[in-house]
Amino acid sequence: MIVTVNTMKQCEQNSGLSNFELMEQVGFKLAIEIMNRHKQHENIVIVCGKGNNAGDGFVLARYLLDSNYHVSVIALYSELTTPESQENMKKLPKKIFVKKNDIFNSIENANVLVDAVFGFGFKFEIPSECKEVFVQYNQSKAVKYSIDINSGAEADTGHIACDALKSHITFALGYKKIIHVLRKDHHLFDECIVIPIDIKECDHSELVEMTQEQFVKEFPRIQEDAYKGQEGIPLIVGGCYGMAGATCLNILGAKASGISYLHVACDEKIYPILATKEITPVFHPFTLDTVGSVLKEVLPKVKCIAFGSGATYLDSKKVILELLLQQSTCPVVLDAEGIRCLQNNLYILKLVRTQVILTPHLKEFADLIGMSLESLKTNKLEIAKEFAKEYHVTLVLKGPHTLVVSSQGEVYINQTGNAGLAKAGSGDFLTGLITGFIAQKRDVFMAVILAVWLHGHAADLALKNHHQRMIQIEDLKQEIEQFYFDQC
Ligand SMILES: NC(=O)C1=CN([C@@H]2O[C@H](COP(=O)(O)OP(=O)(O)OC[C@H]3O[C@@H](n4cnc5c(N)ncnc54)[C@H](O)[C@@H]3O)[C@@H](O)[C@H]2O)[C@@H](O)CC1
Ligand SMILES: Nc1ncnc2c1ncn2[C@@H]1O[C@H](COP(=O)(O)OP(=O)(O)O)[C@@H](O)[C@H]1O
């Protein structure tokens with residue numbers, strides 16, 4: 001389970017244990033983790049801040065001392081903000097505290113460094129009084145551990161201050177927090193290990209997760225008496241002269257979702273290419289003059305529509321977008337050009353009655369909302385949540401950890417996938433996959449998560465037989481087929 005800081009605090013409050021008891025338990029369990037990995041003679045230096053995270057560090061120091069480990073403590077603050085930390089600091093012998101002018105030596109000579117400076121209470125930037133210590137800490141070759149949250153990282157927003165402390169292992173207390181599942185964005189730790197603490201099972205979290213087991217459970221199965229298209233037919237609209245491949249990849253993705261019937265509407269100019277390449281979809285070629293009537297005829301037959309992949313030079317793109325948003329009664333997935341057409345016209349989304357799913361990558365989203373990429377990166381989760389709520393859409397913000405955010409505030413942070421997916425066409429395949437799953441499932445948010453998870457999982461499976469650079473988007477469908485065969 002992944003929790004926000006508020007949920008974590010509630011879990012701790014409901015545990016029936018005092019902060020003092022929780023801190024004692026945390027320090028004890030951390031000491032076991034450290035003792036399992038290190039010998040008594042190693043030089044362990046614990047760097048403490050001023051809140052409860054520092055308190056965990058003091059308790060850890062006490063248990064290590066009791067077991068005859070060689071420990072010293074750097075207390076960056078003399079004034080502590082919580083009584084539990086103060087009390088635990090007092091329990092330590094004075095001689096283990098490093099004197100101010102010895103701090104840099106102590107860090108330099110450490111074999112093991114433990115970061116107990118800031119936990120989930122950290123906000124904004126590293127304070128000036130810690131800056132030099134943080135820089136030196138990060139330069140040290142010691143084995144490094146962080147307690148709960150790497151100091152300088154915000155647990156909920158994913159914001160990372162400059163010079164935030166790095167670690168080999170971060171021990172997440174109780175549950176993983178949002179920062180722990182955004183590793184590919186920040187690379188602050190190599191590994192994150194959850195330390196269980198005696199808090200009541202948290203029964204609700206706004207963060208949705210997906211595992212292989214859950215995927216198999218949610219996978220839309222075919223019935224014995226099935227007939228073609230029974231599960232829901234998707235429609236793909238897009239491509240243009242010069243970008244027929246994008247539609248081919250949409251089709252490939254939709255097929256990989258297991259659909260049994262597919263409609264494709266495309267510009268007359270690319271119809272011969274698509275029809276030669278793909279023989280199973282039913283095609284609806286159009287021109288600028290006929291696009292309206294062609295689409296109106298097919299709309300009532302379908303359960304989900306995708307528009308925008310490869311539609312850059314499509315002369316009818318604005319007409320199509322308007323028509324789909326005004327007349328469709330089923331979910332509409334907008335990708336690439338479909339999203340770009342909304343720039344400066346975002347208000348349209350507020351007038352739409354059907355469900356809209358937007359699949360921008362970070363740059364497309366930054367352009368859509370008129371923000372710089374850098375500003376977006378510092379707080380993408382909160383911005384994505386606000387946007388999805390305001391415009392009442394499901395937002396699929398693509399990247400190394402794709403975020404799926406619903407208009408109701410549900411959040412999914414994808415953990416599958418690898419840099420082999422950072423290739424032209426990868427998003428087109430995903431759009432097809434999303435559209436295919438939505439056509440087959442009632443729950444749009446779940447369908448999107450299934451697709452995003454599977455897209456990344458297929459790329460991870462492809463690593464068994466392909467070099468990461470050589471993963472071709474066309475390979476993904478075969479990986480998915482094999483995965484269904486083995487697991488579903
Ligand atoms: N019930 C609890 O809250 C428990 C918390 N535990 C530990 O306590 C941590 C959270 O404790 P706290 O809420 O005390 O928070 P922290 O230990 O993260 O300390 C935050 C302190 O630093 C200050 N601060 C935040 N950002 C700053 C900045 N940029 N510059 C300077 N000062 C800044 C805050 O005002 C606050 O005083 C957890 O991560 C965990 O390690 C555990 O001991 C278990 C029990
Ligand atoms: N480093 C990475 N690790 C995992 N997935 C990635 C990485 N880079 C990109 N992706 C995934 O690859 C896809 C790229 O989509 P997109 O940028 O729209 O490509 P295109 O427009 O060329 O089809 C997204 O699903 C994204 O999440």
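If you check an unreviewed UniProt entry, the chain appears there as ADP-dependent (S)-NAD(P)H-hydrate dehydratase from Anaerorhabdus furcosa.

1. Comments concerning the site of ligand 1
Close contacts around ligand 1 come from 20 residues, with Glu 12, Asp 56, Gly 119, Lys 123 and Asp 148 the closest. Note that a nitrogen atom of ligand 1 is positioned 2.6 Å from one of the side-chain N or O atoms of Glu 12. Here Asp 148 contributes a side-chain N or O atom positioned 2.6 Å from an oxygen atom of ligand 1. When ligand 1 is considered free in solution it has 870 Å² of accessible area, and contact with the protein chains removes 82% of it. Sorting the residues of the shell around ligand 1 by element identifies α2 (19–37) and α3 (52–66) as the ones contributing at least two each. Split by residue class, the shell around ligand 1 holds seven nonpolar, seven polar and six charged.

2. Considerations on the environment of Ile 74
If you trace the backbone, Ile 74 turns up in strand β3 (residues 70–75). Using a relative accessible area of 0% as the deciding quantity, one classes Ile 74 as buried. In the structure, Ile 74 is positioned 41 residues away from Asp 115 in sequence and 10.0 Å away in space, judged by C-alpha atoms. Dropping the residues within four chain positions of it, Ile 74 is found in contact with Val 45, Ile 46, Val 47, Cys 48, Val 98, Ile 103, Ser 106 and Ile 107.

3. What about the UniProt feature "binding site: AMP" (unreviewed entry) in the chain?
Listed under "binding site: AMP" (unreviewed entry) in the UniProt record, and renumbered for this structure, are Lys 398, Gly 399, Pro 400, His 401, Thr 402 and Gly 427. A compact arrangement is adopted by the annotated residues: their sequence extent is 30 residues, whereas the largest C-alpha distance between any two is 13.6 Å. Within the secondary structure layout, Lys 398 lies in the loop between β16 (394–397) and β17 (403–405). Those residues within four positions of Lys 398 in sequence are excluded, and the remaining contacts are Asp 335, Thr 359, Pro 360, His 361, Leu 362, Gly 427 and Leu 430. Polar side-chain contacts of Lys 398 include one of 3.4 Å to the side chain of Asp 335. Mapped onto the secondary structure, His 401 falls in the loop between β16 and β17. His 401 sits in the buried class, given a relative accessible area of 3%. Ignoring any residue separated from it by four or fewer positions in sequence, one finds His 401 in contact with Val 181, Leu 182, Arg 183, Lys 184, Asp 185, Lys 380, Ile 413, Asn 414 and Gln 415.

Calculation criteria
- Residues numbered from 1 in each chain as written.
- Chains lettered and ligands numbered in written order.
- Predicted model: local features only at pLDDT ≥ 70, side-chain atom pairs only at ≥ 80, totals over all residues.
- Heavy atoms only, no water.
- Near = heavy atom within 4 Å.
- Polar contact = N/O pair within 3.5 Å; in protein donor to acceptor, adjacent residues only side chain to side chain.
- Areas by Shrake-Rupley, 256 points an atom, 1.4 Å probe, with all protein chains shown as cover.
- Helix = DSSP H or I, 4+ residues; strand = E, 2+ residues; numbered from the N terminus.
- Nonpolar A, V, L, I, M, F, W, Y, C, P; charged D, E, K, R; others polar.
- Buried < 20%, exposed > 50% of the residue type's maximum accessible area, 1.4 Å probe, protein only.
- Contact = heavy atoms within 4.5 Å.
- UniProt positions renumbered as here; feature names shortened; annotations may be inferred.

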